[in-house]
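Read off the chains here:
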Amino acid sequence: MREQQKLNAQHRLWAGTAALWAGISVSGNLIAATAKFQVDALDLSIALQVGRAQFLWISYAEWFCITMIVLGLIWNMRMMPILLMGAVGIFMIQQIGLTPILQARSDQIIAGLSPNHSNVHVLYAILEVMKFICLLVFSSRVLAAPVTLTALAAAHRKHHAF
């Protein structure tokens, strides 16, 4: 029983951290990122510089969430669930593969140049939605699982009480 309660608490912590990560991700990388370009008082150069700072700080928060999840899994000697692996993999693709391209492009715009058309922003946004879905589904499944596990444990105790 005590082991089950510990497992349920760990599951809720992982689900909460994943849900926090999902919220940070969608609010900072999709909603706020788009909103700043709706402000007429911000010229494109300033909006891009604000965006750089925004994405940097959001990535710090995402790294924190990843670190907390991974440390929890290591502490409990568990494998990372596939949905979390997907979210972490997408984050790594964004950080290592796409962010440098987007930064180079924004450097050109800030310098007054007109870079060629690129779909990298679209790819980044698609990956962001995929990451959000992975985290949301993971959180939902984990939060539903303890109820099922607790019910099974109660049924098991009842069966063995006779």
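Everything discussed here concerns the structure shown above.
Residues numbered from 1 in each chain as written. Predicted model: local features only at pLDDT ≥ 70, side-chain atom pairs only at ≥ 80, totals over all residues. Heavy atoms only, no water.

**Student:** Just to check I follow, could you spell out the nonpolar core for this structure?
**Tutor:** If you look at soluble globular proteins, the nonpolar side chains tend to sit buried side by side. Counting residues in each nonpolar core, the largest one holds 20 residues, and the members touching the most others are Ala18, Trp21, Ile69, Leu84, Leu135 and Phe138. Taken together, the elements giving at least two residues each to this core come down to α1 (2-35), α2 (44-75), α3 (82-110) and α4 (120-160). The residues touching Trp21, leaving out its near neighbours within four places in the chain, are Glu62, Cys65, Ile66, Ile69, Ala87, Val88, Phe91, Lys131 and Leu135. (Core = buried A, V, L, I, M, F, W, Y, C linked by side-chain atoms within 4.5 Å. Buried < 20%, exposed > 50% of the residue type's maximum accessible area, 1.4 Å probe, protein only. Helix = DSSP H or I, 4+ residues; strand = E, 2+ residues; numbered from the N terminus. Contact = heavy atoms within 4.5 Å.)

**Student:** Hey, could you run me through α2 in this one?
**Tutor:** Think of an α-helix as 3.6 residues a turn; residues three or four steps apart then line up on the same face. For α2, with 32 residues, the first-to-last C-alpha span of 46 Å sits near the 46 Å given by 1.5 Å per residue. Directly after α2, the chain includes Met77, whose backbone phi takes a positive value near 50°. (Expected span 1.5 Å × (residues − 1).)

**Student:** In this structure, what is going on with the packing of α2 against α3? I would like to understand it.
**Tutor:** Axes are the key here: two packed helices are described by the angle between their axes and the distance separating the axes. Two elements in contact, α2 and α3, have axes separated by 11 Å at closest approach and are oriented at 160°. The orientation of α2 relative to α3 falls into the category roughly antiparallel. For the crossing formed where α2 meets α3, the hand is left-handed. Mapping the contact onto sequence places Leu44, Ser45, Leu48, Gln49, Arg52, Ser59, Glu62, Trp63, Ile66 and Ile69 in α2 and Leu84, Val88, Phe91, Met92, Gln95, Gln103, Ala104, Ser106, Asp107, Ile109 and Ile110 in α3. Taken together, the residues of the contact of α2 with α3 sort by class into 12 nonpolar, six polar and three charged. (Axes fitted to C-alpha atoms, helices over the stretch in contact; angles between N-to-C directions. Parallel < 35°, antiparallel > 145°, perpendicular 65-115°, else oblique. Left-handed = near helix turned anticlockwise from the far one by under 90°. Nonpolar A, V, L, I, M, F, W, Y, C, P; charged D, E, K, R; others polar.)

**Student:** Honestly, the pattern of salt bridges in this entry has me stumped. Any pointers?
**Tutor:** Here the idea is simple: oppositely charged side chains can pair when their charged atoms come close. Counting across every chain of the model gives three salt bridges. Put simply, Arg52 and Asp107 hold a salt bridge, and the shortest N to O gap is 2.5 Å. With Arg52 in helix α2 and Asp107 in helix α3, this pair connects stretches of sequence that are 55 residues apart. The salt bridge involving Lys131 is made with Glu62; its shortest N-O contact spans 2.5 Å. Pair noted here: Lys131 is in helix α4 and Glu62 is in helix α2, with a separation of 69 residues, a long-range link. You can call Glu62 buried: its relative accessible area is 1%. (Salt bridge = Lys/Arg side-chain N within 4 Å of Asp/Glu carboxyl O.)

**Student:** Just to check I follow, could you spell out α3 for this structure?
**Tutor:** Taking 1.5 Å as the rise per residue, α3 with 29 residues should run 42 Å; its terminal C-alpha atoms sit 39 Å apart, in good agreement. Of all the positions in α3, only Leu83, Leu84, Ala87, Val88, Ile90, Phe91, Gln94, Leu98, Thr99, Leu102, Arg105 and Ser106 are classed as buried. Once α3 finishes, Gly112 follows within two positions and takes phi at roughly 90°, a positive value.

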